[in-house]
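As a plain string of letters, each chain reads:
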Amino acid sequence: MDGNRRWARASSLDAVAGYPAGSDVLLDTLRSCLALGVTTVTVYAFSIENFKRPPSEVGRIMELATQMLTEMLSYSSLINAHRIRVRILGDRSLLPLPLRAAAARAEVATRGHDGPTLNIAFAYTSRHEMASAVATLVAAVDDGRIPPHAITPAAVEACLFTGPAYGGSAGPGATAATDGADTTTSASAPPIPPPPRGCAVDLLVRTSGERRLSDFLCWQGGGARLAFCPVLWPDFSAWELLRVVLAYQAAARACRRHAARGVAAATTAASGGGRDGGTVTAAAAAATAAAAALGGATVTTGGGDGSAPAAPLHPAVSALVADVCRRHYAAVDVDAASASASASASASASASASASASASTSASASASTSASASASASASASASASASASASAAGVGGGDHCASFYLAPSSKEA
């Protein structure tokens, strides 16, 4: 989601004014993805590197993200109707408490949904993600929980923010291995569902004309098709999305045709025998596997690079991943509970303050009314006495008496 600030400057607006417009485009794009049958959408909302921006701008982004996540729960026609699961990818410890609480509430509210997934990368970089995954595995080796040879690409992938260690999906090899993992329910976390096949990115779209990945999903996007759009994110429309999806589908069909020709040629050569029959048979098997990976739906999940499935996870790594996932869910639950408690306390304090203010206002009004009434009576009596004395002394009639009498309302107002 790149180009918000440039869009605002081009529109003669303050730089931070582009972010609300970009937030609206995100919801429109999500609706378009649902219509196209896309099952997983990951958006790059805020990089760790973005913390280097001016504090006022960073604070405005945090406030907007908190507001967006809070309002997202009210979009029942979109989130609940399609059973969309919302997940936050990144280092939560870098986020302010209100945003962390809003993110936790959104995740807890949609955790049981079995529809499409919306991943929001916030306080994220791919380097940080991979370093965190490796650190988790190395710490487990140091503690004697897993053997050193259990650290494999599949193990690293399982510990990424998109992997099952954080409630996401894993590669085919990891999926097969985690089927036998401990999925019992703990006191603070729900059961760990079997992850769907694959966390590889099929299509990666970059707006604003920049032709770089900016440290986004570098592991998962190794086999992705890259689409660089010249439009700024707030101007990104359903037509732009449709254009890149059609280009992806055309490329996928070309890959399938190429794989099918390879399968046919390998099968023909194998049926003809010859001294290279064994090699050709192996090539045919590999081509068949590649064709299967590229087959099926026009937008596939996993296996986008046509590579062979990763080796299964070591049982000790499967147990580690399940434990990390339970602890992750427990931390999210704590953040969500603290948000609810804070909201309740704030509401109670507000109600108490309102009641106190109301009582104080009533008491002040009563005292003021009593004092005013007394002052009015005194003023009236004094005015009447003065008028009577003046009338007796000067022989003046009721006109002067009435004039003195009508001074009482002025005294009451004072």
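Definitions and limits used
Residues numbered from 1 in each chain as written. Predicted model: local features only at pLDDT ≥ 70, side-chain atom pairs only at ≥ 80, totals over all residues. Heavy atoms only, no water. Core = buried A, V, L, I, M, F, W, Y, C linked by side-chain atoms within 4.5 Å. Buried < 20%, exposed > 50% of the residue type's maximum accessible area, 1.4 Å probe, protein only. Helix = DSSP H or I, 4+ residues; strand = E, 2+ residues; numbered from the N terminus. Contact = heavy atoms within 4.5 Å. Axes fitted to C-alpha atoms, helices over the stretch in contact; angles between N-to-C directions. Parallel < 35°, antiparallel > 145°, perpendicular 65-115°, else oblique. Left-handed = near helix turned anticlockwise from the far one by under 90°. Expected span 1.5 Å × (residues − 1). Arc of directions from axis to C-beta. Phe/Tyr/Trp six-rings, centres within 6.5 Å; stacked < 30°, edge-to-face > 60°. Pairing = 2+ DSSP bridges.

Another point: the nonpolar core. A general feature of soluble globular proteins is that nonpolar side chains tend to end up buried together. Residues L69, I120 and F122 are the most contacted members of the largest nonpolar core, which totals 38 residues. For this core, the elements supplying multiple residues, two or more each, are helix 2 (18-36), strand 1 (40-47), helix 3 (55-72), helix 4 (76-80), strand 2 (85-89), helix 5 (97-110), strand 3 (117-124) and helix 9 (238-271). No other element matches helix 3, which puts seven residues into this core. When sequence neighbours within four positions are dropped, the list of residues in contact with F122 reads A45, F46, I61, M62, A65, I88, L89, G90, D91, L95 and L99.

Bringing the environment of A135 into the picture now. Looking at the secondary structure, you find A135 in helix 6 (residues 126-142). The class for A135 is partly exposed, based on a relative accessible area of 44%. With 24 residues separating them along the chain, A135 and C159 place their C-alpha atoms 9.6 Å apart.

Let us look at the packing of helix 3 against helix 5. Helices that pack against each other are described as a pair by the angle of their axes relative to one another and the distance between those axes. Contact pair helix 3 / helix 5: the axes reach a minimum separation of 9 Å and the direction vectors enclose 25 degrees. With respect to helix 5, the axis of helix 3 lies roughly parallel. As for the relative orientation of helix 3 and helix 5, their crossing is left-handed in sense. Where helix 3 approaches helix 5, its residues M62, A65, T66, L69 and T70 are matched on the opposing element by P98, L99, A102, A103, R105 and A106.

Looking at where T70 falls in the secondary structure, it is placed in helix 3. Under the relative-accessibility criterion, T70 is labelled partly exposed at 39%. Distance in space between the C-alpha atoms of T70 and A101 is 9.6 Å, their sequence separation being 31 residues. Discounting chain neighbours no more than four positions away, the residues touching T70 are A102 and R105.

On to the side chain of E240, then. Mapped onto the fold, E240 is located in helix 9. Setting aside residues up to four positions removed in sequence, E240 forms contacts with C229 and V231.

Let's shift gears to helix 6. Given a rise of 1.5 Å per residue, 17 residues ought to cover 24 Å, and the 24 Å separating the end C-alpha atoms of helix 6 matches this to within 8%. Every buried residue of helix 6 is listed here: S126, E129, A133, L137 and A140. Viewed end-on, helix 6 has its buried residues packed into an arc of 70 degrees, placing them on one side of the element. Residues of helix 6 that are exposed and angled more than 90 degrees away from the buried face: R127 and D142. A positive phi of about 80 degrees marks G144, the residue just after helix 6.

This paragraph deals with the packing of aromatic side chains. Taken as a whole, this structure holds eight aromatic pairs when the rule is applied. Both rings, one in F46 and one in F51, keep their centres 4.9 Å apart while their planes meet at 80 degrees; by these two values the pair is edge-to-face. Note on F46: relative accessible area 1%, which makes it buried. Judged by centre distance (5.2 Å) and plane angle (15 degrees), the rings of F46 and F122 are stacked. With F46 in strand 1 and F122 in strand 3, this pair connects stretches of sequence that are 76 residues apart. A residue is classified by how much of its surface remains accessible, and F122, at 7% relative accessible area, is buried.

So, on to the sheet that holds strand 3. With respect to topology, three strands assemble into an open sheet ordered 1-3-2, the strand pairing being parallel. The outermost strands of the open sheet, each flanked by one partner alone, are strand 1 and strand 2. Sheet twist, expressed as the average angle between the axes of neighbouring strands with direction ignored, equals 20 degrees. Pairing between strand 2 and strand 3: five bridges, direction parallel. Directly across from L89, in strand 3, lies its bridge partner A121. Of the strands in this sheet, strand 1, strand 2 and strand 3 touch helix 3, which is tilted by about 160 degrees from strand 3. Most of the contacts of helix 5 go to strand 2, to which it runs at about 145 degrees, and overall it touches strand 2 and strand 3.

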